[in-house]
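Coordinate inspection notes
So the chains spell out like this:
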Amino acid sequence: MNHPLALAIHGGAGTISPALMTPEKEFAYQAALRESLEAGYEILRQGGPALDAVEMAVRSLEDNPLFNAGRGAVFTHEGHQEMDAAIMDGRNRAAGAVAGVRAVQNPIRAARLVMEKTDHVLLAYPGADELALEYGLPTQPAEYFFTEHRYTQLQEALQEGRMRLDHSQALQTATPLEEPAAFPNEDPKKKMGTVGAVACDQSGNLAAATSTGGMTNKRYSRIGDSPIIGAGTFADNHTCAISCTGHGEFFLRAMVAHDISCLIEYCGLSLAEACRIVVHDKLAPVGGEGGLVAVDAAGNVALPFNSEGMYRGSITPSNLYIGIYKD
């Protein structure tokens, strides 16, 4: 029996409003999201596995400097990129992840390499980069990851002595042991720029993939939820596939992706209801701003977020959807 095909993607969440967006930039984001959807869905349409589809969709976003992943990754305090990624196969819960890679063109490919070629789940820099080189994954010099916009963000953050989420004006003090609960200095332009994808293929197999450049001006090799299985990324054929975007520390503490899976498995909730409870009832009250994309083996899709907007899209045999703001 062929299952309904479904693919969903995200490119970051936060306070994204039409008033802060030019028509040209909005068109560019929509085109990039469509390109990612079409790249991943073509694999599903041809009978390919969900795992290949989510990797391809994320690679498309990593190659686009609009998004804080791969080529568009933000700068660290030291002036380079430290990128994280994870991928998970819902058939058997196989998973791979990398943290802090600096030269790999597509960190999601390195994550899959960890899953398929090692006995491990998570590798960090420099070992993750060494593995990628050993297996011949494409790498790039520092110039490839340099964008003027990201560099300007770093200079602004350095002047303030703070850390910021994606390329917003929203700054957070970079004190390693103190984290403000309510982000009092945040500006309405805040965005959190992780990218991710989830998919259901014709066999009902699920997969999830997530990739990010983290936070501008981050220090001490900070790692968020994206490469952590069960927090920012999760897939299990019996429940759902999840890829998250938001302020990683909150998503880590709540183990968001696995929490949604547990509500489906143990409580019998629908995908939509499980996502709603975690995103709106659990995360939002404690300041956990962001969202996620989710899919189950019946081809149901959920794109919940508790911020003003989220770059997102989904595609099924009967519908193509792309959104940025609240509907």
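Residues numbered from 1 in each chain as written. Predicted model: local features only at pLDDT ≥ 70, side-chain atom pairs only at ≥ 80, totals over all residues. Heavy atoms only, no water.

**A short note on the overall build of the protein**
Looking only at helices and strands, one finds eight helices and 16 strands in the protein. Here the C-alpha radius of gyration of the protein, 18 Å, is about what a compact globule of 327 residues would show, namely 20 Å. Each principal axis of the C-alpha atoms in the protein carries an extent, and together these give about 60 × 45 × 40 Å. Looking at the 327 residues of the protein, the share that counts as buried comes to 58%. Considering only residue pairs separated by 6 or more positions, the protein has 67% of its internal contacts joining residues 24 or more positions apart. Looking at the protein as shown, the accessible area adds up to about 12800 Å², and 51% of this sits on carbon and sulfur atoms. Here the protein contributes 25 positively and 39 negatively charged side chains, and the mean placements of these two sets differ by 2 Å. (Helix = DSSP H or I, 4+ residues; strand = E, 2+ residues; numbered from the N terminus. Rg over C-alpha atoms; globule rule 2.2 N^0.38 Å. Buried < 20%, exposed > 50% of the residue type's maximum accessible area, 1.4 Å probe, protein only. Contact = heavy atoms within 4.5 Å. Areas by Shrake-Rupley, 256 points an atom, 1.4 Å probe, with all protein chains shown as cover. Lys, Arg positive; Asp, Glu negative; His and termini not counted. Charge placed at Lys NZ, Arg CZ, Asp CG, Glu CD.)

**Topic: the nonpolar core**
Burial of nonpolar side chains together is a common tendency in soluble globular proteins. Counting 49 residues, the largest nonpolar core has Leu7 and Ile87 as the members making the most contacts within it. Counting 37 residues, the second-largest nonpolar core is a separate cluster that includes Leu206, Cys240, Ile260 and Val293. (Core = buried A, V, L, I, M, F, W, Y, C linked by side-chain atoms within 4.5 Å.)

**Structural notes on the environment of Thr216**
Considering the arrangement of structural elements, one finds Thr216 in strand S10 (residues 215–216). Thr216 sits in the buried class, given a relative accessible area of 0%.

**Structural notes on the packing of helix H1 (residues 23–45) against helix H2 (residues 50–62)**
Look at H1 against H2: their axes get within 8 Å of each other, and the N-to-C directions meet at 160°. Judged by the inter-axis angle, H1 sits roughly antiparallel to H2. H1 and H2 meet at a crossing whose hand is right-handed. Residues Ala32, Glu35, Ser36, Ala39, Gly40, Ile43 and Leu44 of H1 touch H2, and the partners they reach there are Ala50, Asp52, Ala53, Met56, Ala57, Ser60 and Leu61. (Axes fitted to C-alpha atoms, helices over the stretch in contact; angles between N-to-C directions. Parallel < 35°, antiparallel > 145°, perpendicular 65-115°, else oblique. Left-handed = near helix turned anticlockwise from the far one by under 90°.)

Remember that the coordinates give geometry; whether it matters functionally is a separate question.
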